[in-house]
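Each chain is listed here by its residues.
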Amino acid sequence: MAQADESAPSSPALKIVYCGPFGSGKTTNLQQLFSRLTDRYRSRLLRLDGLDSMEAGLHGEGAVGLGVVDPGHRPTVFYDSLALVVGRGTSRLVIRLVAVPGHTMHGHTRRLLVRGADGLVFVADSSLSLEQNEQALGEMRSCLRDNGLSADSMPMVLQINKQDSERLRLDLNRAAELRGNRADVALVPARAQKGQGVVETLLRMVAVSWPVRLHEQEALASGLDLPGLLEELGRLLQAPEAARAALRETSGRASEPRSQPQVAVHAGGLVTPAPLSSSGSSTGAMGSGAALRTGAREARS
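Residues numbered from 1 in each chain as written. Predicted model: local features only at pLDDT ≥ 70, side-chain atom pairs only at ≥ 80, totals over all residues. Heavy atoms only, no water.

### Brief notes about the overall build of the protein chain
Across its full length, the protein chain carries 8 helices and 9 strands. In the protein chain, buried positions account for 54% of the 301 residues. Taking all contacts inside the protein chain whose residues are at least 6 apart in sequence as the whole, residues at least 24 apart take part in 78%. Counting only carbon and sulfur atoms, one obtains 51% of the accessible surface of the protein chain, whose full area is about 12900 Å². (Helix = DSSP H or I, 4+ residues; strand = E, 2+ residues; numbered from the N terminus. Buried < 20%, exposed > 50% of the residue type's maximum accessible area, 1.4 Å probe, protein only. Contact = heavy atoms within 4.5 Å. Areas by Shrake-Rupley, 256 points an atom, 1.4 Å probe, with all protein chains shown as cover.)

This is the structure:
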């Protein structure tokens with residue numbers, strides 16, 4: 001049975017960090033996931049905000065080069081966090097979701113929060129240019145290096161948010177350039193404010209990060225294999241069909257030859273994310289040339 005509390009401190013944890021440009025929709029993802037939880041399984045969405053005066057200042061000169069931010073946007077100053085506990089039988093896994101602040105002035109906070117990450121969700125902003133999104137992705141690579149994590153093959157998913165923006169500057173074909181040669185990085189189109197693509201992003205992130213964690217620490221809850229984990233997570237988030245689709249996609253990787261990233265555009269404006277590669281990692285470039293890989297791990301936070 002899936003749950004949403006952390007009463008068992010011995011439960012293994014999977015830390016997933018949501019990063020991206022200022023105002024791209026990182027916290028919106030957590031809010032949408034939180035809204036899908038029933039009262040029975042609802043945990044607390046933790047928001048650590050700053051003073052109103054500081055928040056007001058974030059919409060001014062400090063946001064130069066980051067595009068026009070929605071006037072209703074409440075920026076993350078410290079971090080936002082949501083814990084999901086997924087269990088089957090006696091096996092339990094705590095999935096810790098952390099949304100880091102996107103403003104350039106909070107680089108130190110991002111460096112601290114990325115410690116012990118098992119996977120990254122980069123939330124790209126379609127109302128910004130490819131170059132502006134690449135800048136934010138490059139800064140996150142620096143945060144990884146500062147934490148002793150090498151730029152090689154960190155489990156990662158690219159969510160291309162705001163695909164319904166009236167100021168669309170990043171279509172899906174251009175957005176695919178953010179992953180460089182890493183065909184193992186899934187590209188998920190989203191309209192997070194409407195809840196579209198949010199659950200799919202998390203399911204794909206768990207699908208690529210949990211097997212890596214199990215490989216690194218075989219003593220973890222062996223009773224939670226990937227199919228069971230995705231099924232229980234889909235039940236928790238009231239999205240069983242999305243979970244089945246993620247499982248089909250994951251199961252199909254082993255039988256598919258490695259291919260260059262492709263994006264299929266549909267009439268509705270959203271696209272079918274490219275299939276993940278048959279291998280769990282790649283040595284290809286990410287963005288400007290550096291891929292993401294877990295190196296020497298810090299103590300998990």
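Having seen the model, we can carry on.
### Describing the side chain of Asn29
Among the structural elements, Asn29 can be located in helix α1 (residues 26-35). With residues near it in sequence (within four places) discarded, Asn29 still touches Tyr18, Val123, Gln159, Ala192 and Val198.

### A word on the pairing of strand β6 (residues 156-161)
The buried fraction of β6 amounts to 6 of the 6 residues, a majority that puts the element mostly inside the structure. Where burial is concerned, the two faces of β6 agree: the one with Met156, Leu158 and Ile160 and the one with Val157, Gln159 and Asn161 are both buried. Relative to β6, strand β5 (residues 119-125) is paired through 6 bridges, and the arrangement is parallel. Within β6, the position partnered with Ala124 by the bridge is Ile160. Examined bridge by bridge, β6 and strand β7 (residues 186-189) share 4 bridges and lie parallel to one another. Opposite Leu158, over in β7, you have Leu187 as the bridge partner. (Pairing = 2+ DSSP bridges.)

### Observations concerning the pattern of salt bridges
Using the criterion set out here, one finds 14 salt bridges in the structure. The partner of Glu232 in a salt bridge is Arg88, with the nearest N and O atoms 3.2 Å apart. Of the two residues, Glu232 is situated in helix α7 (residues 226-236) and Arg88 in strand β3 (residues 79-88); the sequence distance between them amounts to 144 residues. Where Glu232 meets Arg235, a salt bridge forms, and the shortest distance between an N and an O atom there is 3.3 Å. Residue Glu232 and its partner Arg235 are both found in helix α7; the two are separated by 3 residues, about one turn of the helix. A single network of salt bridges, built from pairs that share partners, joins Arg88, Glu231, Glu232 and Arg235. (Salt bridge = Lys/Arg side-chain N within 4 Å of Asp/Glu carboxyl O.)

### What to know about α1
Working note: α-helix, 3.6 residues per turn, so residues spaced by three or four point in the same direction. The buried fraction of α1 is high, at 7 of 10 residues. Along α1, the positions that sit buried rather than exposed are Lys26, Thr27, Thr28, Asn29, Leu30, Gln32 and Leu33.

### A few points about unusual backbone geometry
Phi is positive for Lys162, close to 60 degrees, though the residue is something other than glycine. Mapping Lys162 onto the fold places it in the loop between β6 and α5 (172-175). Owing to a relative accessible area of 22%, Lys162 belongs among the partly exposed residues under this scheme. Phi angles above zero are rare outside glycine, and Gln238 is one such case at about 55 degrees. Along the chain, Gln238 falls in the loop between α7 and α8 (240-253).

### A word on helix α4 (residues 130-146)
Compared with an ideal rise of 1.5 Å per residue, which puts 17 residues at 24 Å, α4 spans 24 Å between its outermost C-alpha atoms and is within 8% of the ideal. Those residues of α4 not exposed but buried are Leu130, Gln132, Asn133, Ala136, Leu137, Gly138, Met140, Arg141, Cys143 and Leu144. Two residues or fewer after α4 comes Gly148, characterised by a positive phi angle close to 80 degrees. (Expected span 1.5 Å × (residues − 1).)

### Looking at the environment of Val86
Assignment of secondary structure puts Val86 in strand β3. Val86 sits in the buried class, given a relative accessible area of 0%. Along the backbone, Val86 and Gly234 are 148 residues apart, and their C-alpha atoms lie at a distance of 9.9 Å.

### Describing the nonpolar core
Core analysis: the largest hydrophobic core is formed by 39 residues, its most contacted members being Ile16, Tyr18, Leu97, Leu202, Val206 and Leu233. Residue contributions to this core peak at 9 residues, all from helix α6 (residues 198-216). Aside from chain neighbours lying at most four places away, what touches Leu97 is Ile16, Tyr18, Leu30, Leu33, Asp80, Ser81, Leu82, Leu84 and Leu202. Core analysis: the next-biggest nonpolar cluster, separate from the first, contains 28 residues, Val17, Val100, Ala136 and Met154 among them. (Core = buried A, V, L, I, M, F, W, Y, C linked by side-chain atoms within 4.5 Å.)

### Here's the deal with the packing of α1 against α6
As a packed pair, α1 and α6 sit with axes 9 Å apart at the nearest point and diverge in direction by 95 degrees. By the angle between their axes, α1 is roughly perpendicular relative to α6. Along its contact with α1, which presents Asn29, Gln32 and Leu33, the element α6 presents Val198, Val199 and Leu202. The residue inventory of the contact of α1 with α6, partitioned by class, reads 4 nonpolar, 2 polar and no charged. (Axes fitted to C-alpha atoms, helices over the stretch in contact; angles between N-to-C directions. Parallel < 35°, antiparallel > 145°, perpendicular 65-115°, else oblique. Nonpolar A, V, L, I, M, F, W, Y, C, P; charged D, E, K, R; others polar.)

### A closer look at the confidence of the model for the protein chain
Per-residue confidence for the protein chain gives a mean pLDDT of 74; residues scoring 70 or more make up 62%. Segment residues 50-73: pLDDT under 50, and 35 contacts once partners within four positions in sequence are set aside and those in other chains are kept. Confidence drops under a pLDDT of 50 for residues 258-301, and excluding neighbours within four residues, the segment shows 144 contacts in the predicted structure. (pLDDT = per-residue confidence, 0-100.)

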